[in-house]
Amino acid sequence: MSLVIKGASLLGEQTRDLYVDDAGVLVDEAPSGAETIDAEGLVALPGLVDLHTHLREPGREDAETILTGSQAAALGGYTAVLAMANTSPVTDTAEAATRVWELGREAGLVHVQPVGAVTRGLAGEELAELGLMHRSRAAVKVFSDDGKCVHDARVMRRALEYVKAFGGVVSQHSQDPALAGPAACCHEGELSGRLGLPGWPGIAEEVIVARDVMLARHTGSRVHVAHVSTAGSVEVLRWAKAQGIDVTAEVTPHHLLLTTDLLTGYDPTYKVNPPLRPQEDVDALREALADGTIDAVATDHAPHARHDKEHAFVDAAFGMLGIETALGVVRTALPDLSWADVARVMSTTPARIAGLADQGQPLEPGSPAHVVLVDPDAAVTVDRDASASLSRNNPWHGRSLASRVVHTVYGGRVTVRDGALA
Ligand SMILES: NC(=O)N[C@@H](CC(=O)O)C(=O)O
């Protein structure tokens, strides 16, 4: 199991060999009898950490399983994913969380960290077993009703108060259901009117972000804003951080590169929650990620079976694939972001937000060997049929994306070699 990774450039800076002992830990001397990976010309980053993945197991194993989602994650350069709670049954008990954690260990390709639901059955009414989930073997620290907003301010306040006791965080899907109801499926603007699609206005996100940062201030607890999509939300976050409020935020790869104009063909591949926004919002999100107002990139990888996605636009499921392509999309959307900044927004900071002490560590002796090796000069043309995911709702099909994940190492074990599952 020991490894020598030869000649990689750490964070795109100095070139150094990395040594991994047979316990999967980085060490300062070459272990004897080690496998050698030639990494000349490749950039080494700490393994990527995704704060927001839908693995669909239990309940929708036709769309994704913990194993296939883990394979897709490893191919994307990830060594840890947070599995969202909107499965069937919902991850709202210690038993359900422990089961997801165990299946992740059995798959063994990335660390699968279950996210617990905030409310029972995602119904938004009674708190789920937050403390029991935290005290289970899965040690849940991140709670989210993702797919649904915790829209009742009193419930959100109680959840924040509850998780504060053990340093947990509530990850909010910010969507005021009165301003953007279940039919809302397209950014509200001139285009939604022309297409005749029910609008999902940016203000429906922004009022919840504003409310939640005030609740975080009031409770002294920690809130995380999932998939920020508008310039107005960025403004609120900038203000809240300047006040010292304990808030973090993520943006998805697709909101950094795709715009609402793609909806003119009514292709349900581009139907996602929150919706694709105009270029002004995309520009504000890129700037906010670069300057640290938005802390992390999170994929919101949302696989859907054909029979849920291939419908008229208004009837199709929300969501798109993203975990295999995330790094390439980020490199394409923000080519000037340094590799150190890529590591910050895709590994170090998400690991810190999730409380995963073992992940996002510097590539130094003593750290667990979670490493991704990237060819910075390659470009990849995405083929949706070459994916490890069971689903095909891939908005990147046919596009060329910058850089290529070549090898992924999880705890000293090579999970991806030469761009293929090892
Ligand atoms: N992001 C998405 O478009 N879809 C998510 C849930 C959701 O946020 O609606 C899913 O679970 O499919």
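Residues numbered from 1 in each chain as written. Predicted model: local features only at pLDDT ≥ 70, side-chain atom pairs only at ≥ 80, totals over all residues. Heavy atoms only, no water.

### With respect to the overall build of the protein
Condition: By the criteria applied, helices consist of DSSP H or I runs no shorter than four residues and strands consist of E runs no shorter than two, each listed in order from the N terminus. It is over C-alpha atoms that the radius of gyration is taken, and the globule rule equals 2.2 Å times the number of residues to the power 0.38. Relative accessibility decides the category of a residue: with a 1.4 Å probe and only protein chains considered, values under 20% of the type maximum give buried, values over 50% give exposed, and everything between is partly exposed. When checking whether two residues touch, look at their non-hydrogen atoms; a contact exists if any pair is within 4.5 Å.
Looking only at helices and strands, the protein features twelve helices and 19 strands. Over its C-alpha atoms the protein spans a radius of gyration of 20 Å, differing by no more than 12% from the 22 Å that the globule rule assigns to 422 residues. Along the first, second and third principal axes, the C-alpha atoms of the protein reach 65 × 45 × 45 Å. With 422 residues in all, the protein has 61% of them scored as buried. Sequence separation of at least 24 residues holds for 75% of the intrachain contacts in the protein that already meet a minimum separation of 6.

### Observations concerning the site of the ligand
Rules: What makes a residue near a molecule or strand is one non-hydrogen atom of that residue sitting within 4 Å of it. Residues adjacent in sequence count toward polar contacts only when both atoms are side-chain atoms; beyond that, a polar contact is any pair of N or O atoms within 3.5 Å, and within protein one must be able to donate a hydrogen and the other to accept it. Cavities and pockets are defined on a 1 Å grid built over the protein atoms alone: a cavity is a set of grid points where a 1.4 Å probe fits but cannot escape, while a pocket is an open set with protein on both sides within 12 Å along at least five of seven lines, and lining residues are those with an atom within 4 Å of any such point. More than half of a molecule's atoms within 2 Å of the grid points is what it takes for that molecule to sit in a cavity or pocket. For this classification, the nonpolar set comprises Ala, Val, Leu, Ile, Met, Phe, Trp, Tyr, Cys and Pro, the charged set comprises Asp, Glu, Lys and Arg, and every other residue, Gly included, is treated as polar.
With respect to spatial proximity, 13 residues lie near the ligand, and among them Arg56, Asn86, Asn273, Asp300 and His304 are the closest. Within the side chain of histidine 173, an N or O atom sits 3.4 Å from an oxygen atom of the ligand. Note that an oxygen atom of the ligand is positioned 3.1 Å from one of the backbone N or O atoms of phenylalanine 318. At a threshold of 2 Å from the grid points, most atoms of the ligand map onto the largest pocket. The class makeup of the residues in the shell around the ligand is three nonpolar, seven polar and three charged.

### Let's talk about the UniProt feature "domain: Amidohydrolase-related" (unreviewed entry) in the protein
Rules: UniProt positions are given in the numbering used here, feature names are shortened, and annotations may be inferred rather than shown by experiment.
Taken from the UniProt record, the annotation "domain: Amidohydrolase-related" (unreviewed entry) applies to residues 276-414. As annotated, residues 276-414 has a helix share of 29% and a strand share of 19%, and its two end C-alpha atoms lie 36 Å apart.

### Some remarks on a nonpolar patch on the surface
The cut-off we apply is this: A patch consists of residues exposed above 30% relative accessible area that lack any salt bridge, with like charges linked at up to 9 Å and nonpolar side chains (Val, Leu, Ile, Met, Phe, Trp, Tyr) linked at up to 5 Å. The Shrake-Rupley method, run with a 1.4 Å probe, gives the accessible areas here. Residue values count only the displayed protein chains as cover. For this analysis, a salt bridge means a side-chain nitrogen from Lys or Arg found within 4 Å of a carboxyl oxygen belonging to Asp or Glu.
On the surface, Leu179, Ile203 and Val207 cluster together into a nonpolar patch covering about 220 Å² of accessible area. If you trace the backbone, leucine 179 turns up in the loop between strand 10 (169-172) and strand 11 (186-187). What makes leucine 179 partly exposed here is its relative accessible area of 41%.

### Considering unusual backbone geometry
For residues besides glycine, phi is generally negative; the peptide bonds are generally trans as well. Residue proline 58 follows glutamate 57 across a cis peptide bond; omega there is 5 degrees. Here proline 58 lies in the loop between strand 6 (48-53) and helix 1 (66-75).

### Here we look at the pattern of salt bridges
Per the stated rule, a full pass over the model turns up 16 salt bridges. Linking arginine 60 and aspartate 308 is a salt bridge whose minimum nitrogen-to-oxygen distance equals 2.7 Å. In this pair, arginine 60 sits in the loop between strand 6 and helix 1 while aspartate 308 sits in helix 10 (residues 306-309), placing the two residues 248 residues apart along the sequence. A salt bridge links arginine 120 to glutamate 126; the nearest nitrogen and oxygen atoms lie 3.4 Å apart. We classify arginine 120 as partly exposed; its relative accessible area is 42%. A single network of salt bridges, built from pairs that share partners, joins Arg60, Asp62 and Asp308.

### Concerning the sheet that holds strand 7 (residues 78-83)
For clarity, the threshold we go by: At least two DSSP bridges between two strands are required for those strands to pair. Only the stretch in contact is used when a helix axis is fitted, and all axes are lines through C-alpha atoms; the angle between N-to-C directions ranges over 0 to 180 degrees.
Here three strands make up an open sheet; going across it, the order is 6-7-8 and the pairing parallel. Each edge of the open sheet carries a strand with a single partner, namely strand 6 and strand 8 (111-114). Averaged over all adjacent pairs, the angle separating strand axes in this sheet is 20 degrees, with direction ignored. Relative to strand 8, strand 7 is paired through four bridges, and the arrangement is parallel. Residue valine 81 lies in a different strand from strand 8, and its bridge partner there is valine 112. Across the sheet, helix 12 (residues 339-354) lies against strand 6 and strand 7, angled at about 55 degrees from strand 6, the strand it touches most.

### Here we look at the layout of surface pockets
Selection rule: Grid points are joined across faces, edges and corners, and a volume is the space filled by probe spheres set on the points.
One number sums up the size of the largest pocket: a volume of about 750 Å³. Along the walls of the largest pocket sit 36 residues, with Asn86, Asp146, Gly147, Lys148 and Asn273 positioned nearest its centre. Across the lining of the largest pocket, the residue classes tally to 14 nonpolar, 15 polar and seven charged. A volume near 460 Å³ is recorded for the second largest pocket.

### Observations regarding the packing of helix 1 against helix 2 (residues 94-107)
Filter applied, for reference: Oblique is the label for every angle not falling under 35 degrees (roughly parallel), over 145 degrees (roughly antiparallel), or within 65 to 115 degrees (roughly perpendicular). We call a crossing left-handed when the near helix sits turned anticlockwise from the far one by less than a right angle, and right-handed when that turn is clockwise.
The N-to-C vectors of helix 1 and helix 2 enclose an angle of 55 degrees; their axes lie 9 Å apart at closest approach. In terms of orientation, helix 1 lies oblique with respect to helix 2. Seen along the crossing, helix 1 lies across helix 2 with a hand that is right-handed. Here Ile66, Leu67 and Ser70 of helix 1 lie close against helix 2, whose contacting residues are Val100, Leu103, Gly104 and Ala107. Of the residues belonging to the contact of helix 1 with helix 2, the class tally is five nonpolar, two polar and no charged.

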